[in-house]
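Geometric and topological summary
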Amino acid sequence: MSYLKQKSDFNFMAANKLLQLNLFAPSVHCSYYSCFQLLKFVIKDFFGQDYEKQAVNISTSNQKTHQYVVNYITNELKNIEGIEKSRWFKRNINDLKNYRNESDYENVEVNYNKGNAAFNLANEIRNYVLKSFNI
């Protein structure tokens, strides 16, 4: 069993519940991490790179963890789905990450619109990834 896949699912459910409770900033955080954890799981499950191997590759790549994971999936999508789909993915995951950075680190209001936008974006990304990698 992959606990990271389970955490991804839990974070997505939590994002939805937090939105219902008007807790918008933490919902954005959960929306993003539901996608990030799913991507790490895909690298393991679909491409056979276990989490230890991912850690080694990250440390030798001169990239930060999130950057490595997004770039890895983007490059693989380019091969599987084509350049347009890989660009769509990279643009949207980066937009979601920007929502998360703003929500977690910036002194700005995170309201319903931002929380809902992040959740909807996470939903689109998750559905695309699940379909593209037959999960």
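Sequence order as written defines the numbering, with residues in each chain counted from 1. Totals for whole chains, interfaces and linings use every residue, but because this is a predicted model, local features are given only for residues with pLDDT of at least 70 and side-chain atom pairs only at 80 or more, for both listing and counting. To get the side-chain values, take all heavy atoms of the structure and skip hydrogens and water.

Concerning the side chain of Ser 86
In this description a helix means any DSSP run of H or I spanning at least four residues, a strand means any run of E spanning at least two, and both kinds are numbered starting from the N terminus. Relative to the elements of secondary structure, Ser 86 occurs in helix 5 (residues 83-105). For this analysis, residues touch if any pair of their heavy atoms sits within 4.5 Å. When sequence neighbours within four positions are dropped, the list of residues in contact with Ser 86 reads Thr 74, Leu 77 and Lys 78.

Focus: the pattern of salt bridges
Put simply, a salt bridge is a Lys or Arg side-chain nitrogen that is within 4 Å of an Asp or Glu carboxyl oxygen. Tallying each qualifying case throughout the model produces 5 salt bridges. Salt-bridge contacts for Arg 100 lead to Asp 104; the nearest nitrogen and oxygen are separated by 3.3 Å. With Arg 100 and Asp 104 both in helix 5 and 4 residues apart, this pair spans about one turn of that helix. Here Glu 102 makes a salt bridge to Lys 114, at a shortest N to O gap of 2.9 Å. Highlighted residues: Glu 102 in helix 5 and Lys 114 in helix 6 (residues 112-132), separated in sequence by 12 residues. Three exposure classes are used, based on accessible area relative to the maximum for each residue type with a 1.4 Å probe and protein chains only: buried under 20%, partly exposed in between, and exposed over 50%. On the accessibility criterion, Glu 102 (25% relative accessible area) is partly exposed. Residues joined by salt bridges that share partners form a network here, namely Lys 5, Asp 9 and Arg 126.

So, the environment of Phe 41
Note on placement: Phe 41 falls in helix 2 (residues 24-45). Judged by relative accessible area, which is 8%, Phe 41 ranks as buried. Residues Phe 41 and Leu 4 lie 37 residues apart in sequence; the distance between their C-alpha atoms is 6.3 Å. With sequence-adjacent residues up to four places away left out, Phe 41 is seen in contact with Ser 2, Leu 4, Lys 5, Phe 46, Tyr 51 and Ile 135.

Looking at helix 6
A helix's residues, less one, multiplied by 1.5 Å, set its expected span. Here helix 6 is 21 residues long and its end C-alpha atoms lie 30 Å apart, about the 30 Å a rise of 1.5 Å per residue gives. Listing the buried residues of helix 6 in full gives Gly 115, Ala 118, Phe 119, Leu 121, Ala 122, Ile 125, Arg 126, Tyr 128, Val 129, Leu 130 and Ser 132. At its buried positions, helix 6 is contacted by helix 1 (3-20), helix 2, helix 4 (65-80) and helix 5. A 3.5 Å cut-off defines polar contacts: any pair of N or O atoms within that distance qualifies, except that in protein one atom must be a possible hydrogen donor and the other a possible acceptor, and neighbouring residues in sequence count only when both atoms are side-chain atoms. Between a side-chain oxygen at the N-terminus of helix 6 and the backbone nitrogen of Asn 113 the separation is 3.1 Å; the capping residue is Asn 111. After helix 6 finishes, the residue Asn 134 shows a positive phi value of roughly 50°.

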